[in-house]
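Structural features, examined
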Amino acid sequence: MRRLLAVGVWLVLGLVFAQFKSEYKLSVVVGPNTPWGMGAQRFAELVGEKTGGKVNIKVYYAGQLFAGQQTNEFQLLRTGVADFAIGSTINWSPQVKELNLFNLPFFFPTYKDLDAVEEGQAGRAIFQRLRQLGAEPLAWGENGYRQLTNSKRPIRTPEDLQGLKIRVVGAPIFIDTFRALGANPTSMNWAEVLTALQQGVIEGQENPIVGVIIPYKLWELGQRHLTLWNYVIDPLIFAASAQTWRTFPPEVQKAIQEAALEAARYQKALARAGMDDGTSLRYLASLGVKVEITDPLAYLRSQGVQVTIPTPLELGRFRDRVTGVVQRWANEIGGTLVVMAEADKKRAR
Ligand code: X2X
């Protein structure tokens, strides 16, 4: 009886004291001065507040946890090396083939389409799939619409892109897309891109304006031409490792879930600030957040970047070149998910 009591006491003490690690690691690919990094910081703060300091998250910026190989991030998460991650769907797509839905070129023409899919049946199916694979998805964030930059010339048609050496992330669909467009794509980790641009090893790259191009001042590395073509959207997913998630009692899980939704809304607004119909700037103002650059395109031009906006006809010519890629990858992703996403988009219109 006494022994039982002793065991019981230890169990209770264990629940109260021992279940929390002194630090929970959160992985992000980019640095702290980006919407992505700021969202991570906000999430860590909110989790601290809402769990009464029990869950102490440390943000590991610039891919410190995965030592360079950004397409390994999901692996780190599912094995619990990272307790949390705010990951780009691009970086996780080599392990989670369904995430290639977001990599389909020209599949999400507007923010409305994207929001409908994230909140709709396709988004729920994707979260379910992530759960099967050992992650606990908490909220959708955003890196942004990816735009093309290069050091050589304005690009407004596929002809302009011929033979240009373009860096893409190491997810196979991007190589397919840029080959189909006539470019000479090469995959590279973000950690190496700045030096590669500086040294002229690559001539162009693609990334969101507010999310990456402005924070990293890519024009200072020679990227003086930008094509605004919204060809791919890059959502982020706030997630916990299932291994870590299991160790939290329900009230802590609830607090973390709430923190993720709140931080993600703020993060998404930062990523869209000045790029949507004004909703994001208004939301940030309502939070008392001051945004320095309210007109990102004007800001880029003021820095000497030449912004090219293809006409609908010209965009159509890019789209025509990649129809084969879209078909092939839609099969890879799974027809059902693509059909769900089409239905979600339709409902939003
Ligand atoms: O590597 C990139 O281009 C970046 C930072 O946007 C991603 O992590 C997908």
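Our subject is the structure listed above.
Here is what the cut-offs are and how they apply
Residues numbered from 1 in each chain as written. Predicted model: local features only at pLDDT ≥ 70, side-chain atom pairs only at ≥ 80, totals over all residues. Heavy atoms only, no water. Helix = DSSP H or I, 4+ residues; strand = E, 2+ residues; numbered from the N terminus. Rg over C-alpha atoms; globule rule 2.2 N^0.38 Å. Buried < 20%, exposed > 50% of the residue type's maximum accessible area, 1.4 Å probe, protein only. Contact = heavy atoms within 4.5 Å. Areas by Shrake-Rupley, 256 points an atom, 1.4 Å probe, with all protein chains shown as cover. Near = heavy atom within 4 Å. Polar contact = N/O pair within 3.5 Å; in protein donor to acceptor, adjacent residues only side chain to side chain. 1 Å grid on protein atoms, 1.4 Å probe; cavity = no way out; pocket = protein on both sides within 12 Å on 5 of 7 lines; lining within 4 Å. Sits in = over half its atoms within 2 Å of the grid points. Nonpolar A, V, L, I, M, F, W, Y, C, P; charged D, E, K, R; others polar. Points joined across faces, edges and corners; volume = space filled by probe spheres on them.

1. A closer look at the overall build of the protein chain
- Of the regular secondary structure elements, the protein chain holds 17 helices and nine strands.
- Radius of gyration (C-alpha) of the protein chain: 21 Å, near the 20 Å computed for a compact globule of 349 residues.
- Counting only C-alpha atoms, the protein chain reaches 85 × 40 × 40 Å along its principal axes.
- When the 349 residues of the protein chain are sorted by exposure, 56% land in the buried category.
- Contacts spanning at least 24 positions in sequence make up 74% of the contacts within the protein chain whose residues lie at least 6 apart.
- Accessible surface computed for the protein chain: about 15,200 Å², of which carbon and sulfur atoms make up 54%.

2. Things to note about the site of the ligand
- Around the ligand, the surrounding shell holds 13 residues, and the nearest of these are Gln-70, Asn-91, Arg-146, Arg-167 and Asn-207.
- Here an oxygen atom of the ligand and a side-chain polar atom of Gln-70 are 2.8 Å apart.
- Asn-207 is positioned with one of its side-chain polar atoms (N or O) 2.6 Å from an oxygen atom of the ligand.
- Burial of the ligand by the protein chains amounts to 100% of its free accessible area of 270 Å².
- Under a 2 Å grid-point criterion requiring more than half of the atoms, the pocket assigned to the ligand is the largest cavity.
- When the residues that make up the shell around the ligand are grouped by side-chain class, the tally is five nonpolar, five polar and three charged.

3. Focus: the environment of Gly-304
- Tracing the sequence through the fold places Gly-304 in the loop between helix 14 (296–302) and strand 9 (306–308).
- Expressed as a C-alpha distance, the spacing of Gly-304 and Thr-157, which sit 147 residues apart in the sequence, is 22 Å.

4. Comments concerning empty space enclosed by the protein
- Taken as a whole and judged by the stated rule, the model has one cavity of 30 Å³ or more.
- Each pocket or cavity is described by its volume, and for the largest cavity that value is around 100 Å³.
- Taken together, 15 residues line the largest cavity, and the ones lying closest to its centre are Trp-36, Gln-70, Asn-143, Arg-146 and Asn-207.
- Looking at the lining of the largest cavity, the elements with two or more residues in it are helix 4 (89–92) and strand 4 (135–150).
- Split by residue class, the lining of the largest cavity holds seven nonpolar, five polar and three charged.

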